[in-house]
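Below, each chain spelled out in residue letters.
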Amino acid sequence: MERQIINKKKRVFSVEPNKIPPSEVFTRKYTSLLVPALKKLNMNKNSSQVNQLTVKHEVDMALALSAQEFAWSRFLLQKLSSSNNPTTTTSSSSSGIRIQERSGKEGGHEDGEIEEKLRELQKLLPGGEEMNVEEMLGEIGNYIKCLELQTIALKSIVQDTT
């Protein structure tokens with residue numbers, strides 16, 4: 001009798017592997033990197049070295065390590081790794097984006113506004129000043145999505161601890 005029950009239990013495997021949504025993969029990576037780093041900082045909370053900038057450094061490092069498939073992440077990781085002191089933040093000067101000027105006078109003011117907006121985007125995106133316009137616009141969407149996921153994860157961590 002026991003043998004028949006065992007034979008009836010068969011494992012069923014799907015032809016397609018279970019696909020985890022990229023947002024969930026990012027969030028899992030992010031929290032698995034950030035939580036241990038914050039716990040380590042918490043253990044040293046009596047130290048005068050633990051401050052908001054140190055926490056920000058760990059939050060940014062977890063973000064960069066969680067999204068290494070993106071160029072902005074590699075630039076952020078390089079910036080964070082090259083900085084021995086997490087309190088230093090450097091802003092590189094804008095190399096400027098060149099947009100092909102329209103012939104004639106019409107639209108010249110609009111081109112200036114667009115170029116200014118693109119320069120602002122360059123400054124906001126890690127490594128944006130070293131990218132061409134197409135690369136930067138492709139990366140900015142991924143960066144925004146990762147920032148949104150980061151915000152959700154941080155809110156969840158705060159809710160769990162309060």
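Note that the coordinates shown come from a computational prediction; the quantities given were computed from them, not determined experimentally.

So, how was this worked out
- Residues numbered from 1 in each chain as written.
- Predicted model: local features only at pLDDT ≥ 70, side-chain atom pairs only at ≥ 80, totals over all residues.
- Heavy atoms only, no water.
- pLDDT = per-residue confidence, 0-100.
- Helix = DSSP H or I, 4+ residues; strand = E, 2+ residues; numbered from the N terminus.
- Contact = heavy atoms within 4.5 Å.
- Core = buried A, V, L, I, M, F, W, Y, C linked by side-chain atoms within 4.5 Å.
- Buried < 20%, exposed > 50% of the residue type's maximum accessible area, 1.4 Å probe, protein only.
- Phe/Tyr/Trp six-rings, centres within 6.5 Å; stacked < 30°, edge-to-face > 60°.
- Salt bridge = Lys/Arg side-chain N within 4 Å of Asp/Glu carboxyl O.
- Expected span 1.5 Å × (residues − 1).
- Polar contact = N/O pair within 3.5 Å; in protein donor to acceptor, adjacent residues only side chain to side chain.

1. Some details on the confidence of the model for the protein chain
Residues of the protein chain with pLDDT of at least 70 account for 70%, and the chain-wide mean is 79. Per-element averaging of pLDDT across the protein chain places helix H1 (residues 2-8) at the bottom with 56 and helix H4 (residues 71-82) at the top with 93. Per-residue pLDDT stays below 50 along residues 87-105; that stretch engages in 29 contacts with residues further than four places along the chain or on separate chains.

2. Observations regarding the nonpolar core
Judged by nonpolar contacts, the single largest core of 26 residues is most densely connected at Phe-26, Tyr-30, Leu-63, Trp-72, Leu-125 and Cys-146. Of all elements in the fold, only helix H2 (22-43), helix H3 (52-66), H4 and helix H6 (133-161) reach the threshold of two or more residues within this core. Every residue in contact with Phe-26, bar those within four places of it in the chain, is listed here: Leu-63, Ser-66, Ala-67, Cys-146, Leu-149 and Gln-150.

3. Here's the deal with the packing of aromatic side chains
Following the criterion strictly, the structure yields three aromatic pairs and no others. Ring geometry for Phe-26 and Tyr-30: centres 5.8 Å apart, planes at 15 degrees, overall stacked. Of this pair, Phe-26 and Tyr-30 both sit in helix H2, four residues apart, which is roughly one turn of the helix. For Phe-26, a relative accessible area of 5% puts it in the buried group. Centre to centre, the rings of Trp-72 and Tyr-143 are 4.8 Å apart; their planes meet at 65 degrees, and the pair counts as edge-to-face. Placement of the pair is Trp-72 in helix H4 and Tyr-143 in helix H6, with a sequence separation of 71 residues. Tyr-143 matches Trp-72 in its accessibility class, with the two residues each being buried.

4. A few points about the pattern of salt bridges
Here the structure, examined in full by the defined rule, presents five salt bridges. One salt bridge in this structure joins Asp-60 and Lys-56, with 2.7 Å as the shortest N-O distance. With Asp-60 and Lys-56 both in helix H3 and four residues apart, this pair spans about one turn of that helix. Here Glu-120 makes a salt bridge to Lys-123, at a shortest N to O gap of 3.8 Å.

5. Digging into H4
Under the 1.5 Å per step criterion, the end-to-end length of H4 is 17 Å for twelve residues, consistent within 8% with the ideal 16 Å. Looking only at H4, the buried set comprises Ala-71, Trp-72, Ser-73, Leu-76, Leu-77 and Leu-80. Looking at the buried residues of H4, the elements they touch are H3 and H6.

6. Some points on the environment of Thr-27
Relative to the helices and strands, Thr-27 resides in helix H2. For the pair Thr-27 and Cys-146, spaced 119 residues apart in the sequence, the C-alpha separation amounts to 8.8 Å. Within the local environment of Thr-27, its side chain forms a polar contact with the backbone oxygen of Ser-23, the two atoms lying 2.8 Å apart.

7. Topic: H6
Think of an α-helix as 3.6 residues a turn; residues three or four steps apart then line up on the same face. Under the 1.5 Å per step criterion, the end-to-end length of H6 is 41 Å for 29 residues, consistent within 8% with the ideal 42 Å. Every buried residue of H6 is accounted for by Val-133, Met-136, Glu-139, Ile-140, Tyr-143, Cys-146, Leu-149, Gln-150, Ala-153 and Ile-157. The opening residue of H6 is Asn-132, an N-cap whose side-chain oxygen sits 3.1 Å from the backbone nitrogen of Glu-134.

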